[in-house]
Amino acid sequence: MKAHPGRVVYRLFMDPVRVIDSHTEGEPTRVVVDGVPDLGEGTIEEQTAIFRARHESFRRAVTCEPRGHEAIVGALLLEPRLPGSAAAVIFFNNVGTLHMCVHGTIGVAVTLAHLGRIGPGSHQLETSIGLVTAHLGENGLVSVENVPSYRQRAGVQLHVEGHGMVTGDIAWGGNWFFLVSDHGMDLASTDIEVLRSRALLIRKALEAEAIHGVQVDPETGDETYHVIDHVELFDDPTRDDCDSRNFVLCPGGEYDRSPCGTGTSAKLACLHADGVLAAGEPWGQESIIGSRFVGRFHERDGKIIPTITGGAWISAESTLIFDPKDPFSEGIVRS
Ligand code: PYC
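Per chain, the residues get numbers from 1 upward, laid out in the order the sequence is written. Where local features are concerned, this predicted model is filtered to residues with pLDDT of at least 70; where side-chain atom pairs are given and counted, the filter is 80 or more; whole-chain, interface and lining totals use all residues. Water and hydrogen atoms play no part in the side-chain values, which are based on all heavy atoms of the structure.

Secondary structure elements are taken from DSSP: a helix is a run of H or I of four residues or more, a strand is a run of E of two residues or more, and numbering for both begins at the N terminus. Scanning the chain for helices and strands turns up 5 helices and 18 strands. Summarising its shape, the C-alpha atoms of the chain cover approximately 55 × 45 × 45 Å along the three principal directions. Buried positions account for 53% of the 335 residues belonging to the chain. The contact definition used throughout considers only heavy atoms, calling two residues in contact when any of these lie within 4.5 Å. Long-range contacts, defined as pairs at least 24 residues apart, comprise 64% of the intrachain contacts of the chain with a sequence gap of at least 6. Surface accessibility of the chain: about 14300 Å² in total, with carbon and sulfur atoms responsible for 50%. Only four residue types enter the tally: Lys and Arg on the positive side, Asp and Glu on the negative side; His and the chain ends are excluded. All charge positions are set by atom: Lys at NZ, Arg at CZ, Asp at CG, Glu at CD. Side-chain charges in the chain split into 28 positive and 46 negative, and the spacing between the mean points of these groups amounts to 6 Å. Throughout, exposure labels follow a simple rule: accessible area from a 1.4 Å probe, protein chains only, divided by the maximum for the residue type, with under 20% read as buried, over 50% as exposed, and the rest as partly exposed. All accessible areas in this document rest on Shrake-Rupley with a 1.4 Å probe, and a residue is counted as covered only by the protein chains that are shown.

Another aspect to go through is the site of the ligand. Within the structure, the ligand sits among Cys 101, Val 102, His 103, His 230, Asp 256, Cys 260, Gly 261 and Thr 262. One of the backbone nitrogen or oxygen atoms of Val 102 is found 2.9 Å away from an oxygen atom of the ligand. Polar contact is defined as a pair of N or O atoms within 3.5 Å, subject to the rule that within protein one atom must be able to donate a hydrogen and the other to accept it, and that residues adjacent in sequence are counted only when both atoms are side-chain atoms. In the model, a nitrogen atom of the ligand is placed 2.8 Å from a nitrogen or oxygen of the Asp 256 side chain. A total of 240 Å² of accessible area belongs to the ligand in isolation, and the protein chains cover 99% of it. Elements that contribute at least two residues to the shell around the ligand include exactly α3 (102-114) and α5 (261-273). Looking at the shell around the ligand residue by residue, the classes come out as 3 nonpolar, 4 polar and 1 charged. Here a residue counts as near a molecule or strand whenever at least one of its heavy atoms sits within 4 Å of it. Only Asp, Glu, Lys and Arg are considered charged in this grouping, and only Ala, Val, Leu, Ile, Met, Phe, Trp, Tyr, Cys and Pro are considered nonpolar; every other residue, Gly among them, is considered polar.

This paragraph deals with the pairing of strand β12 (residues 213-216). Pairing between strands is defined by DSSP: at least two bridges between them are needed. Sheet topology places β12 next to strand β13 (residues 223-226); 4 bridges connect them, and they run antiparallel. Paired with Val 214 across the strands is Tyr 225, a residue of β13. The hairpin turn running from β12 into β13, its antiparallel successor, is 6 residues long, and Gly 221 in that turn takes a positive phi close to 80°.

Here the focus is helix α4 (residues 192-208). Counted at 1.5 Å a residue, the expected span for α4 with its 17 residues is 24 Å, and the 24 Å between its end C-alpha atoms agrees. All of the buried residues along α4 are Leu 195, Arg 196, Arg 198, Ala 199, Ile 202, Arg 203, Ala 205 and Leu 206. Tucked into the core, α4 has its buried residues touching β9 (150-160), β11 (176-180), β14 (230-235) and β15 (244-249). Capping of α4 at its N-terminal end is provided by Asp 191; its side-chain oxygen lies 3.1 Å from the backbone amide nitrogen of Glu 193. In the segment just after α4, Ala 210 is the residue with positive phi, at about 50°. What a helix should span is 1.5 Å times the count of its residues minus one.

Moving on to α3. End to end, α3 covers 18 Å across 13 residues, agreeing with the expected 18 Å (1.5 Å per residue, within 8%). Most of α3 is tucked away, with 11 of its 13 residues classed as buried. What α3 keeps buried is the set Val 102, His 103, Gly 104, Thr 105, Ile 106, Gly 107, Val 108, Ala 109, Val 110, Thr 111 and Leu 112. Where α3 ends, the next residue or the one after it, Gly 116, has phi of about 75°, a positive value.

So, on to the packing of helix α1 (residues 44-54) against helix α2 (residues 56-63). Orientation is described by axes fitted as lines to C-alpha atoms, over the contacting stretch for helices, and by angles from 0 to 180 degrees between their N-to-C directions. The contact between α1 and α2 brings their axes to 5 Å, and the two run at 85°. In this view, α1 runs roughly perpendicular relative to α2, as classed from their interaxial angle. Along the contact surface, α1 presents Phe 51, Arg 52 and Arg 54, while α2 presents Glu 56, Phe 58 and Arg 59. Considered class by class, the residues forming the contact of α1 with α2 number 2 nonpolar, no polar and 4 charged. To sort the angles, those under 35 degrees are grouped as roughly parallel, those over 145 as roughly antiparallel, those from 65 to 115 as roughly perpendicular, and the leftovers as oblique.

A surface patch of like charges, here negative, comprises Asp 217, Glu 219, Asp 222 and Glu 223. Counting through the fold element by element, Asp 222 comes out in the loop between β12 and β13. For patch building, the residue pool is restricted to those with more than 30% relative accessible area and no salt bridge; the joining distance is 9 Å between like charges and 5 Å between nonpolar side chains (Val, Leu, Ile, Met, Phe, Trp, Tyr). The term salt bridge refers to a pairing of a side-chain nitrogen on Lys or Arg with a carboxyl oxygen on Asp or Glu at a separation within 4 Å.

A few words now on the pairing of strand β10 (residues 164-172). For β10, the buried fraction is high: 7 of the 9 residues fall into the buried class. Hairpin connection of β9 to β10: 3 residues between the antiparallel strands, including Gly 162 at a positive phi of 75°. Of the pairings in the sheet, the one linking β10 to β11 comprises 5 bridges and is antiparallel in character. Looking across to β11, one finds that Trp 172 is bridged to Trp 176. Linking β10 to β11, which pair antiparallel, is a turn of 3 residues; within it Gly 174 sits at a positive phi near 110°.

Looking at the element boundaries, Glu 254 is found in the loop between β15 and α5. A distance of 2.7 Å separates polar atoms of two side chains, one belonging to Glu 254 and the other to Arg 257. Beyond its immediate chain neighbours, meaning those up to four positions away, Glu 254 contacts Glu 70, Ala 71, Arg 196, Val 248, Leu 249 and Arg 334.

By convention a nonpolar core is built from buried Ala, Val, Leu, Ile, Met, Phe, Trp, Tyr and Cys residues, the set being connected through side-chain atoms within 4.5 Å. Counting 59 residues, the largest nonpolar core has Phe 91, Val 108, Leu 158, Phe 178, Leu 233 and Phe 247 as its most contacted members. The leading source of residues in this core is α3, at 6 residues. Residues in contact with Leu 233, not counting those within four places in the same chain, are Val 180, His 183, Met 185, Leu 187, Leu 195, Ile 202, Arg 245, Asn 246 and Phe 247.

On to the environment of Leu 77. Looking at where Leu 77 falls in the secondary structure, it is placed in strand β3 (residues 73-78). Taking C-alpha positions, Leu 77 is 6.7 Å from Ala 87, a pair spaced 10 residues apart along the chain. Beyond its immediate stretch of four places on either side in the chain, Leu 77 contacts Val 31, Val 32, Val 33, Val 36, Ala 87, Ala 88, Val 108, Leu 112 and Arg 117.

As structure tokens, this is what we get:
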């Protein structure tokens, strides 16, 4: 098969890859448990950099059609580096790696339990942006204590093609989000495709106006600019046990079937910044398909530490086969 123009194609992934699939409140996670590429002996940050630089074909082959589909989030299960960690994990999707993924962490916890590697209790996991803790409850629910989250800017005005002005907040919840409530649509009745294309236009407008997430190094004060690759729309909930309903556009153009744990963390950061939700109070976040996460936070050093609770269920155990003669062994790339 010809290499994609401008891309280095490594064929190391031709060995079979064993995966366990689950879904967290409707959103799929595919955990690679065997056949993980060699990423060296470095830290999870270094291993993530190697995965990004050298294993694009592996990423596509595992997540994209014909073996996967655009909504899957993949998780590479790696040996932890720190004492006390249950595993290290790299999250990825149809277009690249994710900094963090809460629904994926819930899926990883349920997968580790399925493999008999963890039992009920708290388990530390290493991710490329820091440590998170998954608490596996006796009731099957998993609570993830996420990375510190915060709102960076409130009330950002944006001109969106074919729609006019929208106002949103920029927040970090383990990924960068633009959170919008004045989108003028009813999330319960509007077609998913309409929501998706509106959210894509919002993301296009963010790019066009060079509006970024900015991370400031606490030691040097240096700023790093990041693409805001998730757009989150809000509306009133349809469930009595929820406070809000959302629609979340993910980086690869798909929407999150779950309420998006990093998105719920970003929302909690905004509610905290607005002074409308106190530490420890529950926030019920309904997804666009009607599933639910419950979020809470505590405060640390001016940021919040969100804890997101939801359920995940194993749906398949399989071995992915990559026949060198298969013209789509490296996945189908959407143009
Ligand atoms: O639950 O954090 C999340 C997530 C991110 C992208 C898809 N799900």
